[in-house]
Amino acid sequence: MKSNTSVLLSIVIAIVGFAVIKLSQLTIDGAFLFAIGALASGIALQFRGTKKSVSPKKEVSEGDFSTTTLYVGNLPYRANEMAIRSLFSEHGQVLSVRLMKDKHTGKRRGFGFVEMPEKDANNAINALNEFEFQERSLKVREANERAPQAESAPTSDKPL
DNA sequence: GTTGAGCGTT
């Protein structure tokens, strides 16, 4: 889509450059060189863009499988996200780990959220709930849904 | 630097 535009742009630049150089009483060879150079650069850019557009096609190994957010409570204050991630990774794939910290002081509040696929989530709950982690009994359950998401910017509240 | 039931940010 955009590559076509860039090629078109390069062609336009080549033609315009050709005309300008020709009008500025330079040699025809110079105008040709300019035009060819512009075209070549445009084509080269298109090739690079194509290759780059093909390469970033990894990740998304799970696709849009149903994910469950787990609430993890009674965490030791010295626990960090890496430890929690590695601990939950032993019972399923961990998509994300978030240990909630106080926004004012930045200190950990002792609980967090772990996002996993549903099957792994149940497995992790059964395996890690009330599991002794660093002298603390973990509390793992399904997390309640996040705060009522304010839908975008309410410019005008009008029920149709 | 502390504390110990709980459910939360781009």
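Everything quoted here is computed from the prediction, not taken from an experiment. (Residues numbered from 1 in each chain as written. Chains lettered and ligands numbered in written order. Predicted model: local features only at pLDDT ≥ 70, side-chain atom pairs only at ≥ 80, totals over all residues. Heavy atoms only, no water.)

K.L.:
Where do I start with the nonpolar core in this structure?
P.N.:
Across soluble globular proteins, you tend to see nonpolar side chains buried next to one another. Core analysis: the largest hydrophobic core is formed by 20 residues, its most contacted members being Leu70, Ile84, Phe88, Val114, Met116 and Val140. Where this core is concerned, the elements lending two or more residues are strand E1 (67-73), helix H3 (81-89), strand E2 (96-101), strand E3 (108-117) and helix H4 (118-128). Those residues in contact with Val114 that sit more than four places away from it in its chain are Thr68, Thr69, Leu70, Val72, Ile84, Phe88, Val94, Ser96 and Val97. (Core = buried A, V, L, I, M, F, W, Y, C linked by side-chain atoms within 4.5 Å. Buried < 20%, exposed > 50% of the residue type's maximum accessible area, 1.4 Å probe, protein only. Helix = DSSP H or I, 4+ residues; strand = E, 2+ residues; numbered from the N terminus. Contact = heavy atoms within 4.5 Å.)

K.L.:
Would you mind going over the side chain of Asp120 with me for this structure?
P.N.:
With respect to the helices and strands, Asp120 occurs in helix H4. Judged by its relative accessible area of 15%, Asp120 falls in the buried class. In this structure, Asp120 is in contact with His91, Gly92 and Gln93, ignoring residues within four places of it in sequence.

K.L.:
I keep staring at the environment of Phe88 and nothing clicks. Help me out?
P.N.:
Its location among the elements puts Phe88 in helix H3. Judged by its relative accessible area of 0%, Phe88 falls in the buried class. In the structure, Phe88 is positioned 28 residues away from Met116 in sequence and 9.0 Å away in space, judged by C-alpha atoms. Discounting chain neighbours no more than four positions away, the residues touching Phe88 are Leu70, Val72, Val94, Val114, Met116, Ala124, Leu128 and Val140.

K.L.:
Could you clarify how one ought to interpret H4 in this entry?
P.N.:
What sets the pattern is the α-helix's 3.6 residues per turn: residues three or four places apart point alike. Where H4 is concerned, the buried positions are Asp120, Ala121, Ala124, Ile125 and Leu128. Along the axis of H4, the buried positions cluster into a sector of 140 degrees, meaning they face one direction only. Those residues of H4 that are exposed and aimed more than 90 degrees away from the buried face are Lys119 and Asn126. Buried-residue contacts for H4 involve E1, H3, E3 and strand E6 (139-142). Following H4 by one or two positions, Glu130 has its phi on the positive side, about 55 degrees. (Arc of directions from axis to C-beta.)

K.L.:
Please clarify how the packing of aromatic side chains should be interpreted in this entry.
P.N.:
Two descriptors summarise a pair of aromatic rings, namely the distance from one centre to the other and the angle between the planes of the rings. Per the counting criterion, the structure on display carries 3 aromatic pairs. Each ring, one from Tyr71 and one from Phe111, has its centre 5.9 Å from the other, and the planes form 40 degrees; the classification is tilted. One end of the pair, Tyr71, is in strand E1; the other, Phe111, is in strand E3, with 40 residues separating them in the sequence. Put simply, the rings of Tyr71, Phe111 and Phe113 touch in pairs and so form one group of aromatic residues. (Phe/Tyr/Trp six-rings, centres within 6.5 Å; stacked < 30°, edge-to-face > 60°.)

K.L.:
Is there a simple way to explain the protein's contact with DNA strand B in this structure?
P.N.:
If you check the shell around DNA strand B, you find 19 residues, and the closest are Leu75, Arg98, Lys103, Arg109 and Arg146. The sugar and phosphate moieties of DNA strand B supply 9% of its atoms located within 4 Å of the protein. A distance of 2.6 Å is found between a phosphate oxygen of DNA strand B and a side-chain nitrogen or oxygen belonging to Lys103. One nitrogen or oxygen atom from the main chain of Gly110 is found 3.1 Å from a base nitrogen belonging to DNA strand B. Those elements giving two or more residues to the surface near DNA strand B turn out to be E1, E2, E3 and E6. The dominant element in the surface near DNA strand B, judged by the number of residues it contributes, is E3, at 4 residues. (Near = heavy atom within 4 Å. Polar contact = N/O pair within 3.5 Å; in protein donor to acceptor, adjacent residues only side chain to side chain.)

K.L.:
What exactly am I supposed to notice about the sheet that holds E2 here?
P.N.:
In any sheet, the strands associate via hydrogen bonds between backbone groups, in a parallel or an antiparallel arrangement. Taken together, 4 strands build an open sheet; the order of strands is E2-E3-E1-E6 and the sheet is antiparallel. Looking at the sheet topology across the chains shown, the edges are occupied by E2 and E6. Strand after strand, the sheet turns through a mean of 25 degrees between neighbouring axes, direction not considered. Relative to E3, E2 runs antiparallel, the two sharing 5 bridges. Note on E3: the bridge partner recorded for Val97 is Val114. The strands touched by H3 are E1, E2, E3 and E6; relative to E2, the strand with the most contacts, the crossing angle is about 140 degrees. Here H4 sits on the sheet in contact with E1, E3 and E6, set at roughly 135 degrees to E3. (Pairing = 2+ DSSP bridges. Axes fitted to C-alpha atoms, helices over the stretch in contact; angles between N-to-C directions.)

In short, shape yes, function no, at least from these values alone.
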